[in-house]
Amino acid sequence: MNAPIAMSQASDSRIRLTVNGQPVTLSVPPGRRLTRVLRDNLGLTGTKVGCDAGDCGACTVLMDGRQVCACLVPAAQANGTDIVTVEGLAEEGRLNGLQQAFHRHGAAQCGICTPGMLMAASELLAVTAAPTRQQVEDALGGVLCRCTGYRKIVDAVLDAGASGAFVGAKSGAAVGARIPRKDGIPKLTGEEKFGADEAPADALWLRAIRSPHAHARFTLGDLDGFRKSHPGIEHIFTAADVPGSNSFGIYPDLKDQPVLADGYVRFRGEAVLALVGERAALEAVAEADIPIDWQELPALIGTEAALAEGAPQLHAASAGNVLIRGHVARGDLEAGFASAVARTARRFETSYVEHAYIEPEAGFARRVGSRMEITACTQTPYMDRDEVAHVLGIAKADVRIIPTATGGGFGGKLDMSVQPLLATAAWLLERPVRMIYHRPESMASTTKRHPATIAVEAAADAEGKITAFRFHGDFDTGAYASWGPTVANRVPVHATGPYKVGAALCTSRAVYTNGTPSGAFRGFGVPQAAIAHEAAMDDLALALGIDRLEFRHLNALRAGEATHCGQVIEQSVGMAACLEALRPRWRELVGQNMAFNASQKAEGGPLRRGVGVGCMWYGCGNTSMSNPSTMRIGLKADGRLTLYNGAHDIGQGSYTIMAQIAADALGLPVGLVEQVHADTDRTADAGKTSASRQTFVSGKAAELAGLDLRATILRLANAGPESVLSLDGPILTVAEGVVVRRIDLREIPVEGLEGDVLTGEGTFDPPTSPLDENGQGVPYATYAFAAQIAEVEVDIELGTVKPLLIAAAHDVGRSINPMLVEGQIQGGIAQGLGLALMEEFIPGRTENLHDYLIPTFGDVPDIEMHLIEDAEPLGPYGAKGIGEPALVPTAPAILGAIRDATGAVVAKVPALPHRVLKAIREAEAAR
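Computed from a predicted structure; not experimentally measured.

Chemist: I would appreciate a short explanation of helix H17 (residues 548–555) in the present structure.
Modeler: Structurally, the α-helix is built with 3.6 residues per turn, so residues lying three or four positions apart point the same way. Most of H17 is tucked away, with six of its eight residues classed as buried. Buried residues of H17: Arg-548, Leu-549, Phe-551, Arg-552, His-553 and Asn-555, and no others. Looking at the buried side of H17, the elements it contacts are strand S18 (452–460), strand S19 (466–478), helix H16 (526–544), helix H18 (575–603), strand S23 (607–619) and helix H22 (890–902). Where H17 begins, one side-chain oxygen reaches toward the backbone nitrogen of Leu-549, 2.9 Å away; that side chain belongs to Asp-547.

Chemist: What am I meant to see in empty space enclosed by the protein here?
Modeler: Under the definition given, this model contains six cavities of 30 Å³ or more. Taken as a whole, the largest cavity encloses approximately 530 Å³ of empty space. Gln-652, Ser-692, Gln-824, Gly-883 and Glu-884 are the residues nearest the centre of the largest cavity, which is lined by 41 residues in total. Among the secondary structure elements, those contributing two or more residues to the lining of the largest cavity are helix H19 (654–666), helix H20 (694–717) and helix H21 (818–837). In the lining of the largest cavity, the residues fall into 16 nonpolar, 20 polar and five charged. By volume, the second largest cavity amounts to about 250 Å³.

Chemist: Explain the packing of aromatic side chains here, please?
Modeler: Here the distance between the centres and the angle between the planes together describe a pair of aromatic rings. One pass over the structure, following the stated rule, counts ten aromatic pairs. Seen from their ring centres, Phe-696 and Phe-764 are 5.6 Å apart, and the 90° between their planes marks the pair as edge-to-face. With Phe-696 in helix H20 and Phe-764 in strand S30 (residues 756–764), the pair connects residues that are 68 residues apart, well separated along the chain. Owing to a relative accessible area of 0%, Phe-696 belongs among the buried residues under this scheme. Ring plane angle 80° and centroid distance 5.5 Å describe the contact between Tyr-780 and Tyr-783, whose orientation is recorded as edge-to-face. When sorted by exposure, Tyr-780 lands in the same class as Tyr-783, which is buried. Grouping aromatic residues by their ring pairs yields a cluster made of Trp-617, Tyr-780, Tyr-783 and Phe-785.

Chemist: Teacher, can you tell me more about the nonpolar core here?
Modeler: For soluble globular proteins, the rule of thumb is that nonpolar side chains tend to be buried together. In this structure, Phe-102, Met-117, Leu-140, Phe-469, Phe-471, Ile-894 and Ile-898 are the most contacted members of the largest nonpolar core, which totals 153 residues. If you look at the next biggest cluster of nonpolar residues, it comprises 46 residues, including Ile-657, Ala-702, Val-734 and Ala-781.

Chemist: Sorry if this is basic, but what is going on with helix H6 (residues 151–158) here?
Modeler: Among the eight residues that make up H6, six are buried, leaving the element largely enclosed by the rest of the structure. Taken together, the buried positions of H6 are Arg-151, Lys-152, Ile-153, Val-154, Ala-156 and Val-157.

Chemist: Would you mind going over the pattern of salt bridges with me for this structure?
Modeler: Oppositely charged side chains can pair when the atoms bearing their charge come close. Taken as a whole and assessed by the stated rule, the structure comprises 56 salt bridges. Glu-839 is paired through a salt bridge with Arg-146; the nearest N and O atoms lie 2.6 Å apart. Residue Glu-839 is found in the loop between H21 and strand S33 (862–868), and its partner Arg-146 is found in the loop between helix H5 (133–139) and H6; the two are separated by 693 residues along the sequence. Side by side, Glu-839 and Arg-146 carry an identical accessibility label, which is buried. One salt bridge in this structure joins Arg-509 and Asp-474, with 2.7 Å as the shortest N-O distance. A residue pair is termed long-range when its members are at least 10 positions apart, and Arg-509 in strand S20 (residues 504–512) and Asp-474 in strand S19 qualify at 35 residues.

Chemist: Looking at this structure, how should I read the layout of surface pockets?
Modeler: The method is simple in principle: a probe with the dimensions of a water molecule rolls over the atoms, and the space it marks as empty is what remains. Roughly 870 Å³ of internal volume is contained in the second largest pocket. Lining of the second largest pocket is provided by 42 residues; of these, Tyr-251, Trp-483, Asn-622, Met-625 and Lys-688 occupy positions nearest its centre. When residues of the lining of the second largest pocket are traced back to their parent elements, those giving at least two are strand S12 (322–330), helix H12 (381–392) and helix H15 (484–494). Per element, the largest residue contribution to the lining of the second largest pocket is seven residues, and it comes from H15. Split by residue class, the lining of the second largest pocket holds 17 nonpolar, 13 polar and twelve charged.

Chemist: Got a minute to help me understand the sheet that holds strand S2 (residues 22–28) in this structure?
Modeler: In a beta sheet, neighbouring strands are held together by backbone hydrogen bonds and run either parallel or antiparallel to one another. Spatial ordering of the open sheet is given by S2-S1-S5-S3-S4, a layout of five strands whose pairing is mixed. The open sheet has two free edges, formed respectively by S2 and strand S4 (66–69), since each of these has just one partner strand. Along the sheet, successive strands turn relative to each other by an average axial angle of 40°, direction set aside. Inspection of the sheet shows strand S3 (residues 60–63) paired to S4 by four bridges, in the antiparallel sense. Its bridge partner being in S4, Leu-62 is matched across the sheet by Gln-67. Contacting strand S1 (13–19), S2, S3 and strand S5 (82–84), helix H1 (residues 34–41) crosses the sheet at an angle of about 105° to S2. Packing against the sheet, helix H4 (residues 114–127) makes contact with S3, S4 and S5, and its axis sits at approximately 35° to S3.

Chemist: Before we go on, may I ask you to explain the sheet that holds strand S7 (residues 216–220) in this structure?
Modeler: Sheet architecture is open: three strands sit in the order S9-S7-S11, paired in antiparallel fashion. Only two strands of the sheet have a single neighbouring strand rather than two, namely strand S9 (264–265) and strand S11 (292–296). Sheet topology places S7 next to S9; two bridges connect them, and they run antiparallel. Across the sheet, Ala-216 pairs through a bridge with Val-265, a residue of S9.

Chemist: Sorry, what's going on with the pairing of strand S15 (residues 371–376) here?
Modeler: Within a regular beta strand, the side chains point alternately toward one face of the sheet and then the other, so they alternate between its two faces. Buried residues dominate S15, accounting for five of its six residues. Of the strand pairs in this sheet, strand S14 (residues 362–368) and S15 are connected by six bridges, and their pairing is antiparallel. Among the inter-strand pairings, Val-368 is bridged to a residue of S15, identified as Arg-371. Linkage of S14 to S15, two consecutive antiparallel strands, is achieved through a turn of two residues, within which Gly-369 is found at a positive phi near 65°. Where S15 lies against strand S16 (residues 399–403), five bridges are found, and the strand directions are parallel. What sits directly across from Ile-374, in S16, is Ile-401. Between the parallel pair S15 and S16, the chain is carried across by H12, and the sense of this crossover is right-handed.

Rules behind the numbers
- Residues numbered from 1 in each chain as written.
- Predicted model: local features only at pLDDT ≥ 70, side-chain atom pairs only at ≥ 80, totals over all residues.
- Heavy atoms only, no water.
- Buried < 20%, exposed > 50% of the residue type's maximum accessible area, 1.4 Å probe, protein only.
- Helix = DSSP H or I, 4+ residues; strand = E, 2+ residues; numbered from the N terminus.
- Contact = heavy atoms within 4.5 Å.
- Polar contact = N/O pair within 3.5 Å; in protein donor to acceptor, adjacent residues only side chain to side chain.
- 1 Å grid on protein atoms, 1.4 Å probe; cavity = no way out; pocket = protein on both sides within 12 Å on 5 of 7 lines; lining within 4 Å.
- Points joined across faces, edges and corners; volume = space filled by probe spheres on them.
- Nonpolar A, V, L, I, M, F, W, Y, C, P; charged D, E, K, R; others polar.
- Phe/Tyr/Trp six-rings, centres within 6.5 Å; stacked < 30°, edge-to-face > 60°.
- Core = buried A, V, L, I, M, F, W, Y, C linked by side-chain atoms within 4.5 Å.
- Salt bridge = Lys/Arg side-chain N within 4 Å of Asp/Glu carboxyl O.
- Pairing = 2+ DSSP bridges.
- Axes fitted to C-alpha atoms, helices over the stretch in contact; angles between N-to-C directions.
- Right-handed = clockwise from strand over helix to strand, strands pointing away.

By themselves these figures say nothing about function.
In structure tokens form, the structure reads like this:
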């Protein structure tokens, strides 16, 4: 692994700057990055660092009125300039017009790219008061966002000159309102603190030394002598130093990944040593100088190599390198195939996909007496707590996790990263220790979307009904299990797509290899499966001469029908309604594209247009497992209303959603709701932020907590259920018709550690059942459904694919906050586009945001949305999840559109130009 680049720190020199209107004089090394000057010397941490290479644009500031990447500007070059950072945008303590527009439009989701976006937009608006959409996209094109899909950012910049502020919802009217994020303003001012933004002043730094080999044994040399010869390095930790168990993992009985490798590594990027000391000293270390003797071993790359006869065994407990198998079987499969008039069989491959959140992993740890506290970015504070306790060998109650703002996660921050290393060092040294991954380290060492090899067969009768469906997928879980068992179990449940099938056999394997560990990435294997099942739907429709959208509508699951797991879904099955919403647009595009293609052929032009459709279903929550969440809400004597919200927000909006739900359940305005966010000492366990579960599961718990507190208040006032509550400082008023009762909260004794006088609590665990040996049972309490259509333009000479339009219809049960739902759908579509067309992580080759491509402003087309509200009775006010469903249908729709345009079936994604050209040639040869 390459060491992070340390810029020359020759000798300090005096530089003079004007920063946000204030003159500043500093003595700093002339080569110090401007980002370091702003963040470390001046404390202006609103300027973010996502790559330190000028690729992501998160560090964009204005220098003499022009946007620059501060990570590429040496201090000496900035001497004498006028610098404006995000902290300098507010006017007289209030958001300026641009910031207000971002807030109104929900343009800041996780918020890590927001400062860079605001600064780039500020330059544009300073010279062009009323820019066009194209001008906005061009001006902001150097800043990457992984959450939003860019559409709301563009809308906000276009609207920046508009006046008018958001008017808060009245009591009882928060659910369904387009309420700006409760945590939105700090994201817009630079006040929000992410993992790299703060740590104790006396914290030591930690740097991991990682394997340059995918498979190797190693021995350590004279580390003590090495340390002594490198002033500033205070300690070097090895596997032998881990105080508890040198292992961690997602599952209680499967801890197969070491904190620090003990003489043997299974993937490139695995941590073998932890250097602790002064930051400059650590950065100056060349990894080649560290006394490690490597013995490289043959690596098993890909599932085929790992499953081959005689392949080395990577984990003793997993024969043949198979971690786990998934299995769902229903009906007479062979009879289903025999009775069909149309049949298809295909094979697909997908690649590693990197999460590419703009915030690299970061945080700090400190020992507080006999307890460990970790402040870091994460998606799962309670799981972190349990794993740190396991690593340290202490009780769970002796670990506190304090999540920072998390700059994107998408599943990648479910697994531990900095936490076990920081915990080990801080525990043993009894000093605060901090760590920030550099971008190549983040990409090399953290989990990815599982590469998959999928075989699918399907058949239909003369009426177009699906009679049989067979699916097998091998999923490359990499060197360690991570979420491999979840993927292997979830995929067979979803493998048929949201369709009624006569008979099915769906199987899967999670396979150990010497690849980067694969984990959770927005869908747990379902996006890969959807590519296969949607291609099969296209095959059958075309073979039968049935319109592709109508074929799906014919076979769509409907309320009261059984899935291939035998589960009868009684309510909230909006699949057919999603297709019906898209039908007019579909028919329009089909006609337009036929005319366009005819014209191109007549003129000898290389362009072809096509339209494709993709459908999906997604079970909200864990598969056939207990999945509880608990929320608490309290009133203090001075009238402050606090929601103790353990549903950690990584950009999806749970802090706002939970407040809306709890406020309406209680019957007080959402503007009164303050929050404590996901601190394991101060909130109850609301479960992990994954599996599209927070709105459904934690939202229901928040509703129950609000109702519980309301019931307590009504009992105290001896009032009926229709009473209206209001709060004026310490005076709580309960009005029941003409009868008004006033409660002085100061007269009620305090209960609990938080100083509340009245409290409510709610717990919800969705009803599921274990699956039997054939996968029959109730794996999920509810499912989200969606359909998307994609229009693309393909250059048949170059193999390039340009998306022109995505139209999306999603059954969300109930849209608690339409603005946030739209943002999730747009962001999911952008990630699905990346999966389909450009994203392919190759260990050792694409470990930066220059070589690994994610969609930019110019890549994401217009997006049309239809929110279908087929209420889920179990959900809060009828709501269910949207986070993962937003992404799943996009790639199948795009791939179907490529096929419609060219006749080519792209069997390996991403559909890079050379693969598209190969598929076109194969299609032409087969005609």
